[in-house]
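A structural walkthrough
Residues per chain are reported as follows:
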Amino acid sequence: MKKFLYFILCAQMCFAQEIVSENLHLYNDSIYLPGTLSYPKLSGKLPLAIFIHGSGNGDRDGNQGNLVKSDHIKQLADSLNSHGIAFYRYDKRSATVENLNHFNMETFRIGDLANDADIAIQKFSKDTRFASLHLIGHSQGSLVGMLAVSEAIDSYISLAGPGTSIDKTMIRQLTAQNEDMGKVAAAYFKELKETDTIQNVNPFLLSIFAPMNQKYLKDWASLNPSEKIKELNIPTLIINGDADSQITIEDANLLSKSKPDAKLSIIKKMNHLLKTVTNYAENQRSYNDPSFPISTDLIAVISEFIKTNE
């Protein structure tokens, strides 16, 4: 009975919280990085989570035009806000129209995304409203986050992050869709590493291996997340969902093996977009249906970890 009353009291407190939302306009030189800071209006300093996107052209809510309409980042922000945690999320540089004249894919490298994240880290490291800073890197953002971690960061969360370099990850993903395409991708990465270019690209793989993407892919493939995570000397949490069709539990295990002092959490029925799904059809629909709920188990795990490491 006491536990029930405690739950009701907590629920009432969360419901009564006023959530403050601030739109920020940050820049990395000429690159515009608009974002949203949200936090519950409470007395005292709060922990702040800074979120780093996965691959693609995602906005601060987690959406990518007609490709993805899930609101998964916004849902994560709202859920953590209700647990007394501030949250900052921003539009990826490639999702922002204002950057089209400044963004050159041929010179773009994975480290540029880490520099974008560092702009937010520097901004909030000087913000006295927050007691601690925590970095959350999702999918590709898991590696980017490892590159961006600085002395200002109190803990790090790898969320659905690959455990192998991107060439191995892409080859595995493509092979699962079509074995022949997987073999072609393997040959392309080999050619790219050996000659710095791919001469003839199959039209079916042009969206990945287009000439303007090739040096970016080569640079990205040179980084192994399972090696980079060893360099972190702050509390680390590795999370993966067992319903994730893009990044596997084995990826999480590889990261965990490389950093044995990290906490590992496998979330049941959670897919790549952090949504609770029970079958393949739901998994597919969740990419374009914001009504799918974010995993409550995920929120509990992240909240506990951040508050433990404030």
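All values derive from a computational prediction rather than experimental measurement.

When you line up the elements, Pro 225 lands in helix α9 (residues 225–228). On the basis of relative accessibility, which here comes to 4%, the residue Pro 225 falls in the buried class. Linking Pro 225 and Arg 172, residues 53 residues apart in sequence, is a C-alpha distance of 16 Å. Leave out the neighbours within four places in its chain, and Pro 225 touches Leu 143, Met 146, Pro 162, Gly 163, Thr 164, Ser 165 and Leu 255.

On to the sheet that holds strand β4 (residues 86–90), then. Here 8 strands make up an open sheet; going across it, the order is β1-β2-β4-β3-β5-β6-β7-β8 and the pairing mixed. Only two strands of the sheet have a single partner each, and these edge strands are β1 (19–28) and β8 (263–267). The mean inter-strand angle of the sheet, taken between neighbouring strand axes irrespective of direction, is 20 degrees. Pairing between strand β6 (residues 155–159) and strand β7 (residues 236–241): 4 bridges, direction parallel. Its bridge partner lying in β7, Ile 157 is registered against Leu 237. The sheet contacts of helix α10 (residues 249–258) involve β6, β7 and β8, and relative to β7 the element is tilted by about 165 degrees.

Glancing now at the pattern of salt bridges. Applying the stated rule across the entire model yields 15 salt bridges. In this structure, Arg 60 and Asp 91 form a salt bridge, with 3.1 Å as the shortest nitrogen-oxygen distance. Taken together, the residues span a long stretch of sequence, with Arg 60 in the loop between β3 (46–52) and α2 (72–81) and Asp 91 in the loop between β4 and α3 (110–125) at a distance of 31 residues. One exposure class covers both Arg 60 and Asp 91, and it is buried. For Glu 179, the salt bridge goes to Lys 183, with nearest N and O atoms at 4.0 Å. Of the two residues, Glu 179 and Lys 183 both sit in helix α6 (residues 179–195), 4 residues apart, roughly one turn of that helix. Here Glu 179 falls in the exposed class, since its relative accessible area comes to 52%. It is possible to trace a salt-bridge network through shared partners that takes in Glu 22, Asp 127 and Arg 129.

Calculation notes
- Residues numbered from 1 in each chain as written.
- Predicted model: local features only at pLDDT ≥ 70, side-chain atom pairs only at ≥ 80, totals over all residues.
- Heavy atoms only, no water.
- Helix = DSSP H or I, 4+ residues; strand = E, 2+ residues; numbered from the N terminus.
- Buried < 20%, exposed > 50% of the residue type's maximum accessible area, 1.4 Å probe, protein only.
- Contact = heavy atoms within 4.5 Å.
- Pairing = 2+ DSSP bridges.
- Axes fitted to C-alpha atoms, helices over the stretch in contact; angles between N-to-C directions.
- Salt bridge = Lys/Arg side-chain N within 4 Å of Asp/Glu carboxyl O.

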